[in-house]
Amino acid sequence: MIKLSGIRKDYQAGRGTITALDTLNLEVGRGEIFGVIGHSGAGKSTLIRTINLLERPTDGTVHIDGIELTALNGRRLQQERSNIGMIFQHFNLLSSATVAENIAFPLSLSKAPRAEIERRVRELVGLVGLEGQENKYPAQLSGGQKQRVGIARALATNPKVLLCDEATSALDPQTTKSILSLLLEINRELGITIVLITHEMAVIRSICDRVAVLDGGRIVESGAVADVFLKPQHPTTREFVAQTEDAADARLIDTDDSKPRDRTRIRVTFVGEQTYEPVLYETMRDTGVPFIILQGTVSRLKETPYGQLVLELKGSGEETERAVLALRNRGLDVEVMDHA
Ligand SMILES: Nc1ncnc2c1ncn2[C@@H]1O[C@H](COP(=O)(O)OP(=O)(O)OP(=O)(O)O)[C@@H](O)[C@H]1O
């Protein structure tokens, strides 16, 4: 649906050049929710603005639904852009226009008939849950309601793609949840492809199917959220994942010198149906290796349940190796962290 190939974006800054995006390739499938995560200055805004050519890349091509946007100009580009909606961190609403007028704005620009505009606005107001707010002005709305107006306006022209530029960064956690649920609902019901940028892993894990980690204008890691989240490879990804770890830090226990030797620390990961099975109990019972739990998380990635436990197995290298093998044979992912 979206294909960025060899994208490079240079900005002139004083006498120097800043390369905000560096030979970047990215493909987003139809109907996917794709997240891009990165620290401040990584190039996220530049990347998302490149998708609808609000920023024209210095080099490379952008294709949306098979059409090369980078080859278009003027009216043709404008036409294709109507297939791409966008929402913003600070909502970008017209302060002197009502909710209904803000939502109608893109339709008025396209000179749609008045009755058609009114019908569509009613439909959109219902979709985003703003019934009864139609005649209010943005200053009379909460942040979450403003973003709902932003979403309705972005959907007015029936786009195939919705770009979300830090859409929940100005909202409190509860409102963030409700806006993310709305985006998920829109993706499911309308089949719209969503690309979002964020600096919060919690946003990625609650609604995204796939994620790319951006660092210094390059994608340093990408893949299915479960893979990237549960087995982060790049240091930047590890940092983001650590943001969401609310369980106790296993290293606290590591500093205890009074520990007996012959212990092995392992990280066990189970995903989906495995989460509901007593696999760990059964395997450890059968192998007879005693263990303690140093750290544990049981949570969800989008709708998939998963668990991750750090265990300390007690026993000789041979015994614990047998236990690790048995766990792997039951389909669990086991990483041996250390042995002492
Ligand atoms: N118009 C511009 N002129 C010059 N440099 C720019 C311009 N826009 C962005 N940059 C530079 O490009 C790099 C990437 O910026 P960008 O805003 O895309 O990052 P970001 O990941 O979105 O950061 P943030 O989360 O802080 O918004 C930064 O070094 C930034 O200073």
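- An unreviewed UniProt entry lists the protein under the name Methionine ABC transporter ATP-binding protein, from Cohnella kolymensis.

## Here's the deal with the site of the ligand
- In the vicinity of the ligand, the residues found are Tyr11, Ile18, Ala20, His39, Ser40, Gly41, Ala42, Gly43, Lys44, Ser45 and Thr46.
- At 3.1 Å, a backbone N or O of Ala42 approaches an oxygen atom of the ligand.
- Between the ligand and Lys44 there is a distance of 2.9 Å, counted from an oxygen atom to a side-chain nitrogen or oxygen.
- Burial of the ligand by the surrounding chains reaches 60%, relative to a free accessible area of 630 Å².
- Among the elements of the structure, strand 2 (16–28) and helix 1 (44–51) are those that each provide at least two residues to the shell around the ligand.
- Residue composition of the shell around the ligand, grouped by class: four nonpolar, six polar and one charged.

## Description of the UniProt feature "domain: ABC transporter" (unreviewed entry) in the protein
- On the UniProt side, "domain: ABC transporter" (unreviewed entry) is annotated at positions that read residues 2–241 here.
- The span residues 2–241 is 38% helical and 28% strand by assignment, and the distance between its end C-alpha atoms comes to 26 Å.

## With respect to unusual backbone geometry
- In this model, Phe91 sits at a positive phi of 70°, which is unusual for a non-glycine residue.
- Summarising the element assignment, Phe91 is placed in the loop between strand 6 (84–88) and helix 3 (99–109).
- For Phe91, a relative accessible area of 10% translates into the label buried.
- Not every positive phi belongs to a glycine, and Glu166 is a case in point at roughly 50°.
- By the secondary structure assignment, Glu166 is in the loop between strand 7 (161–165) and helix 6 (173–190).
- Taking the relative accessible area as the measure of exposure, Glu166 reaches 9% and is therefore buried.

So, how was this worked out
Residues numbered from 1 in each chain as written. Predicted model: local features only at pLDDT ≥ 70, side-chain atom pairs only at ≥ 80, totals over all residues. Heavy atoms only, no water. Near = heavy atom within 4 Å. Polar contact = N/O pair within 3.5 Å; in protein donor to acceptor, adjacent residues only side chain to side chain. Areas by Shrake-Rupley, 256 points an atom, 1.4 Å probe, with all protein chains shown as cover. Helix = DSSP H or I, 4+ residues; strand = E, 2+ residues; numbered from the N terminus. Nonpolar A, V, L, I, M, F, W, Y, C, P; charged D, E, K, R; others polar. UniProt positions renumbered as here; feature names shortened; annotations may be inferred. Buried < 20%, exposed > 50% of the residue type's maximum accessible area, 1.4 Å probe, protein only.

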